[in-house]
Amino acid sequence: MSAHSSSTAAVLALIADDMREVDKVIAERLASSVPLVGEISHYIIAAGGKRLRPALLLLTCGALGFGGAQRFNLAAVVEFIHTATLLHDDVVDASTLRRGRATANESFGNPASVLVGDFLYSRAFQMMVDAGDMRIMQILADATNVIAEGEVLQLMNMHDAALDEAGYLRVIRSKTAKLFEASARLGAILAPSTPEIEQACADYGQALGTAFQVIDDALDYDGDASEMGKNLGDDLREGKATLPLIVAMQRGTPEQRATVQHAIETGAVTELEHIIAIVRETGALDVTRQAAASEAQRAIAAARCLPQNSYSEGLIELAAQLLERRS
């Protein structure tokens, strides 16, 4: 086990008992009278993953001293919302591999994946109502809406080699970081906390989610497919102008810029090895990792505003370890 994975495991061990309770809620609320709904939902949730969003909510609750059962319900809600976005994402991106195995759309087809994603969204909204708190419903409803806008924005940006860093960040702050932000904020609302502490939690979640996605985008050109559980070059095939490519075009020679631009516009992965070489030669990976480091530092600064205990230390450790991420 790498130092990174063992350190992350140590943080997640703080909430291992809580996560087992969340798993019980997930299993209970996946129940449906339509067999295919349960089959696909279980398929994607059983694929594992880091469960970072529910973990974030549970760690925040721990840091702020909230021990009520509603944290299990809301942790399951954010996992359902995340899983629904994965189902829809993989259809839109025509992805075939996630977490080392076939995507749901590859196994069950696009129509079933989209419709089961809809089921998970609607089940999440039923569970939100169970919380009986208008503020919680507002946070989750707003987050879900922003995520959907981010998805559409990303679709509009496909094959656009003119996308700049600000446009790129706008997409990932909507599409990825928003649910991290909501998860951490929910812990503060459940506690409950002062507006300042709630904002610190939200800032932590947004910064962590941004760093997580920036690292993910770097790994598409610097990762190991067997470690990552997805195909290298998927972003390029989908025509996504992510930060490594944006920086490579800014810093490369006219020939290198033209090569990257053509690859984004056509989605051709035949030049993948050449593109990876350009990304490395121009120092784009270093710039991308530095951008992630800056976001991770922002997350750490926000976590230091919380009461000092093993849970808040865990939040700091999660942000610090993110920069060692290889999968």
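As a starting point, this report considers the structure included with it. A quick note: this is a predicted structure, and the numbers were derived from the prediction, not measured.

1. Overview of the overall build of the protein
- When its secondary structure is counted, the protein shows 17 helices and 2 strands.
- Over its C-alpha trace the protein gives a radius of gyration of 19 Å, about what one expects of a compact globule, namely 20 Å for 327 residues.
- Summarising its shape, the C-alpha atoms of the protein cover approximately 60 × 45 × 35 Å along the three principal directions.
- With 327 residues in all, the protein has 56% of them scored as buried.
- Partitioning the contacts of the protein with sequence separation of at least 6, the portion at a separation of at least 24 is 78%.
- Summed over its atoms, the accessible surface of the protein is roughly 13,500 Å², and 54% of this surface lies on carbon and sulfur atoms.
- The positive charge centre, built from 28 side chains, and the negative charge centre, built from 43, are 3 Å apart in the protein.

2. Some points on the packing of helix α2 (residues 16–29) against helix α4 (residues 52–63)
- Contact geometry of α2 with α4 gives a least axis separation of 10 Å together with a crossing angle of 125°. Classified by the interaxial angle, the pair formed by α2 and α4 is oblique. The handedness of the crossing between α2 and α4 is right-handed. Along its contact with α2, which presents Asp 18, Met 19 and Val 22, the element α4 presents Pro 54, Ala 55 and Leu 58.
- Tallied by class, residues from the contact of α2 with α4 come to 5 nonpolar, no polar and 1 charged.

3. A word on the state of the cysteines
- Summed over the entire model, instances satisfying the criterion amount to 0 disulfides.
- Looking at the unpaired Cys 61, the closest cysteine sulfur is the one in Cys 201, lying at 9.2 Å.
- With no disulfide of its own, Cys 305 lies 9.1 Å from the sulfur of Cys 201, the closest cysteine sulfur.

4. Notes on helix α10 (residues 195–222)
- The end-to-end C-alpha separation of α10 is 40 Å, in line with the 40 Å expected for 28 residues at 1.5 Å each.
- The element α10 is largely enclosed, with a buried count of 23 among its 28 residues.

5. Considering the side chain of Asp 89
- Inspection of the secondary structure assignment puts Asp 89 in helix α5 (residues 70–93).
- Ignoring anything within four residues of it in the chain, the contact list for Asp 89 reads Arg 98, Glu 151 and Lys 175.

6. Regarding unusual backbone geometry
- With an omega of -15°, the peptide bond between Ala 191 and Pro 192 qualifies as cis.
- If you trace the backbone, Pro 192 turns up in the loop between α9 (165–190) and α10.
- Backbone geometry places Ala 94, a non-glycine residue, at a positive phi of 55°.
- In this structure, Ala 94 sits in the loop between α5 and β1 (97–98).
- Looking at Ala 94, the relative accessible area reads 45%, which means it is partly exposed.
- The phi torsion at His 159 lies on the positive side, around 60°, for a residue other than glycine.

7. Some details on the pattern of salt bridges
- Under the counting rule described, the total for this entry stands at 19 salt bridges.
- A salt bridge links Asp 234 to Arg 237; the shortest N-O distance between them is 3.6 Å. Of the two residues, Asp 234 and Arg 237 both sit in helix α12 (residues 234–237), 3 residues apart, roughly one turn of that helix.
- Judged by its relative accessible area of 7%, Asp 234 falls in the buried class.
- In this structure, the salt-bridge partner of Arg 298 is Glu 295, at a minimum N-O distance of 2.7 Å. Highlighted residues: Arg 298 and Glu 295, both in helix α16 (residues 284–303), separated by 3 residues, approximately one helical turn.
- Take Arg 298: its relative accessible area is 31%, and that puts it in the partly exposed class.
- Residue Glu 295 is classed as buried on the basis of its relative accessible area, which comes to 11%.
- Through salt bridges with shared partners, one network takes in Asp 93, Asp 234, Arg 237, Glu 238 and Lys 240.

Basis of the calculations
Residues numbered from 1 in each chain as written. Predicted model: local features only at pLDDT ≥ 70, side-chain atom pairs only at ≥ 80, totals over all residues. Heavy atoms only, no water. Helix = DSSP H or I, 4+ residues; strand = E, 2+ residues; numbered from the N terminus. Rg over C-alpha atoms; globule rule 2.2 N^0.38 Å. Buried < 20%, exposed > 50% of the residue type's maximum accessible area, 1.4 Å probe, protein only. Contact = heavy atoms within 4.5 Å. Areas by Shrake-Rupley, 256 points an atom, 1.4 Å probe, with all protein chains shown as cover. Lys, Arg positive; Asp, Glu negative; His and termini not counted. Charge placed at Lys NZ, Arg CZ, Asp CG, Glu CD. Axes fitted to C-alpha atoms, helices over the stretch in contact; angles between N-to-C directions. Parallel < 35°, antiparallel > 145°, perpendicular 65-115°, else oblique. Left-handed = near helix turned anticlockwise from the far one by under 90°. Nonpolar A, V, L, I, M, F, W, Y, C, P; charged D, E, K, R; others polar. Disulfide = S-S within 2.5 Å. Expected span 1.5 Å × (residues − 1). Salt bridge = Lys/Arg side-chain N within 4 Å of Asp/Glu carboxyl O.

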